Amino acid sequence: MAHRLHCLARRLGHFYLLPMVATMAFFWGSAAAADLFDNVRAEQAVGTVDFLSDESYEHPTADVKVADPIEPFNRAMFAVNDKFYIWLLEPVATGYSKILPGGLRTCIGNFFYNLGEPVRSANSLLQGRFRDAGRTLGRFVINSICGVLGLADAAGKDFKIAPVYASFGQTLSVWGIGDGFYLVVPLLGPSTLRDFSGTLVDGVATTTYAPWSDDTITTITVQGIRTVNRASLHIGEYEEIKSLTFDAYVAFRNGYYQIRSKQYDHSNSTK
Amino acid sequence: MQRNHFLTPFLYAALMFSLVVLNSHTGVAAPPDPTEQLRPFLDKVTTTLADPKLKKMTRQEQSDRMISVIRERFDFREMSKRVVGRQWQSLSDKEQDEFEHLFTRLLQYAYVGKIDEYSGQQIQFTQQRVKGDRAEVQTLLVDKNKSIPISYIALLRNDQWMIYDVVAEGVSLVRNYMEQFNEILRKDGYPGLVKQLKEKVAGLEKNLTKS
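Residues numbered from 1 in each chain as written. Chains lettered and ligands numbered in written order. Predicted model: local features only at pLDDT ≥ 70, side-chain atom pairs only at ≥ 80, totals over all residues.

## Comments concerning the overall build of chain A
Thinking step 1. The helix and strand tally for chain A stands at 14 helices and two strands.
Thinking step 2. Counting across all 271 residues of chain A, residues that qualify as buried make up 29%.
Thinking step 3. Sequence-distant contacts, at least 24 apart, represent 69% of the contacts inside chain A between residues at least 6 apart. (Helix = DSSP H or I, 4+ residues; strand = E, 2+ residues; numbered from the N terminus. Buried ≥ 20, exposed ≤ 12 C-beta atoms within 10 Å, placed from the backbone. Contact = placed C-beta atoms within 7 Å.)

Structure below.
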């Protein structure tokens, strides 16, 4: 038993301390201290969008409209990603979807999402969202055990703990670091300088405890499977959205900022 | 905490009573409840979508049928005004009419493909917010293994809440088109925008008859 625990701890690497810290936070989270902290957070929420005010339509706030000084480069990368998606990713994902049934693909998606929960928990802690840190960690524990290694979302379905958004890009934003500028990353899509840096940090943090951190080729293969699996659940959506746009580049840039502004806004999440 | 004071229910009752009396005296009714107005409307939309007769129609007829139902509670004029932005005021009445007509057709043809995807998904009402003559009604479109949050933004016109924006998963339809149209207006002006809109609608219409 002790040996097993030791192995587990070693596999979890530097992150074996995290569950303990977050479990403590979970209990602490129910205390008044967390309420106080949540309130402070809510007040700090930056430029949230209010759909009931005309002001937010006529003069989009900074979190919806961000500088795009390298637009020519971004447009070129958008074109590259567009072709990559239509010529390579979607055909592969379509073939893959014919082999594996939809239910199984959803499970694989759940498995990858579940692996990211400790990182989400850590980010919630770094942002002072103790309750969310407990929630994500609770989801991780429940789904890893009851959901069989995260294949099913038992926490969401049976325990009614909805998934919570948290990323390092968001942590940086809470710490007061600006977006920099809009950046279309090859193969990855819309981001900003800050958020792309955050994505890299989150990715590295995940590999420290992921079961396949042994070598680069395995990591790349797993990421490939993950990407194909995700695409297989959204076949045809990209073309459909694109066909309704007048300037696909502008439409996706605006969509990215709008989705992100909702993800970053947690004023509604602690009811 | 004095929250559970024994007088509270009486105070509450007195307040309710005085409100009722005040209302009946002045004749000024509180604004109607947005959710109560949107519920029967969205019910009608889903029943129309589920109607087996709809499946037998041609694409054109399907889209005409749906838009006639949707028109009841969508203010396409207000939508058009918002997607065009500041330049709307400088357009003539005729131009405004033309734009509204084109933009409505764009939405009519754009979402006709969604009709086939409807398979009895339910709409749950989660929350509402009212601020003066504006309201946001938040709903969840419940599908097999996911729920999509959709908000309807409405304006009060003659006691009727009229929808002028739809926000799906945080993305506002109006804001998204507004930003695209802004770019076109800046580069090619209003004539350029109308030209592109006409081309888009014609293209979608062609697809409609093809499939």
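## A word on the overall build of chain B
Thinking step 1. Across its full length, chain B holds eight helices and five strands.
Thinking step 2. Taking all 211 residues of chain B together, 21% fall into the buried category.
Thinking step 3. Considering only contacts within chain B whose residues lie at least 6 apart along the sequence, 53% involve residues at least 24 apart.

## Section: the pairing of strand β3 (residues 147-157) of chain B
All names here are of chain B.
Thinking step 1. Here strand β2 (residues 134-142) runs beside β3; their pairing, made up of nine bridges, is antiparallel. Bridging across to β3, T139 finds its partner in I150.
Thinking step 2. Where β2 hands over to β3, the hairpin turn is made up of four residues, counted between the paired strands.
Thinking step 3. In this sheet, strand β4 (residues 160-168) lies alongside β3 in antiparallel orientation, the contact comprising eight bridges. Bridging from a neighbouring strand, I153 pairs with D165 of β4. (Pairing = 2+ DSSP bridges.)

## Quick notes on the nonpolar core
All names here are of chain B.
Thinking step 1. Ranked by size, the top nonpolar core spans 28 residues in total, and within it V83, I153 and A154 carry the most contacts.
Thinking step 2. Going through the elements one at a time, α5 (76-84), α6 (93-110), β2, β3, β4 and α8 (173-210) are the ones with two or more residues in this core.
Thinking step 3. The greatest single-element share of this core, amounting to seven residues, is contributed by α8.
Thinking step 4. A154 has contacts with P34, A135, V137, W161, M162, I163 and Y164, leaving out every residue within four places of it along the chain. (Core = buried A, V, L, I, M, F, W, Y, C linked by C-beta atoms within 7 Å.)

## A closer look at the packing of helix α7 (residues 117-126) of chain A against helix α8 (residues 130-145) of chain A
Residue and element names in this part refer to chain A.
Thinking step 1. Relative to each other, α7 and α8 sit at 170 degrees, their axes nearing to 8 Å. Taken together, the axes of α7 and α8 lie roughly antiparallel to each other. Classified by chirality, the crossing of α8 by α7 is left-handed. Counting all contacts with α7, which are made through E117, P118, R120, S121, S124 and L125, the residues of α8 involved are D132, A133, T136, L137, R139 and F140.
Thinking step 2. Looking at the contact of α7 with α8 residue by residue, the class counts come to five nonpolar, three polar and four charged. (Axes fitted to C-alpha atoms, helices over the stretch in contact; angles between N-to-C directions. Parallel < 35°, antiparallel > 145°, perpendicular 65-115°, else oblique. Left-handed = near helix turned anticlockwise from the far one by under 90°. Nonpolar A, V, L, I, M, F, W, Y, C, P; charged D, E, K, R; others polar.)

## Quick look at the confidence of the model for chain B
Thinking step 1. Here chain B averages 86 in pLDDT, and 86% of its residues register 70 or above.
Thinking step 2. Scoring the predicted complex yields pTM 0.76 and, for the interface, ipTM 0.76. (pLDDT = per-residue confidence, 0-100.)

## Describing the interface of chain A and chain B
Thinking step 1. Across the contact, 16 residues belong to chain A and 23 residues belong to chain B.
Thinking step 2. For the side of chain A that touches chain B, the element with the highest residue contribution is helix α14 (residues 248-264) of chain A, accounting for eight residues.
Thinking step 3. Residue classes in the side of chain A that touches chain B are distributed as eight nonpolar, six polar and two charged.

## Observations regarding the sheet that holds β4 of chain B
Thinking step 1. Overall, antiparallel pairing links the five strands, which are arranged β1-β2-β3-β4-β5 (chain B) in an open sheet. Edge strands, defined here as strands with exactly one partner in the open sheet, are β1 (122-131) and β5 (171-172) of chain B.

## Things to note about the environment of L244 of chain A
Thinking step 1. Relative to the helices and strands, L244 of chain A is located in the loop between α13 (237-243) and α14.
Thinking step 2. The spatial distance from the C-alpha of L244 of chain A to the C-alpha of G116 of chain A is 33 Å, given a sequence separation of 128 residues.

## Let's talk about unusual backbone geometry
Thinking step 1. Positive phi outside glycine occurs at V148 of chain A, with the angle close to 50 degrees.
Thinking step 2. Its place among the elements puts V148 of chain A in the loop between α8 and α9 (154-157).
Thinking step 3. Of the residues examined, V148 of chain A has 13 C-beta atoms within 10 Å and is grouped as partly exposed.
Thinking step 4. Phi angles above zero are rare outside glycine, and D159 of chain B is one such case at about 70 degrees.
Thinking step 5. Counting through the fold element by element, D159 of chain B comes out in the loop between β3 and β4.
Thinking step 6. The class for D159 of chain B is exposed, based on 9 C-beta atoms found within 10 Å.

## With respect to the packing of α14 of chain A against α8 of chain B
Thinking step 1. Contact pair α14 of chain A / α8 of chain B: the axes reach a minimum separation of 9 Å and the direction vectors enclose 140 degrees. Judged by the inter-axis angle, α14 of chain A sits oblique to α8 of chain B. Note on packing geometry: the crossing formed by α14 of chain A with α8 of chain B is right-handed. Of the residues in α8 of chain B, those in contact with V250, A251, N254, G255 and Q258 of chain A of α14 of chain A are R175, N176, E179, Q180 and E183 of chain B.
Thinking step 2. Per-class residue counts for the contact of α14 of chain A with α8 of chain B are two nonpolar, five polar and three charged.

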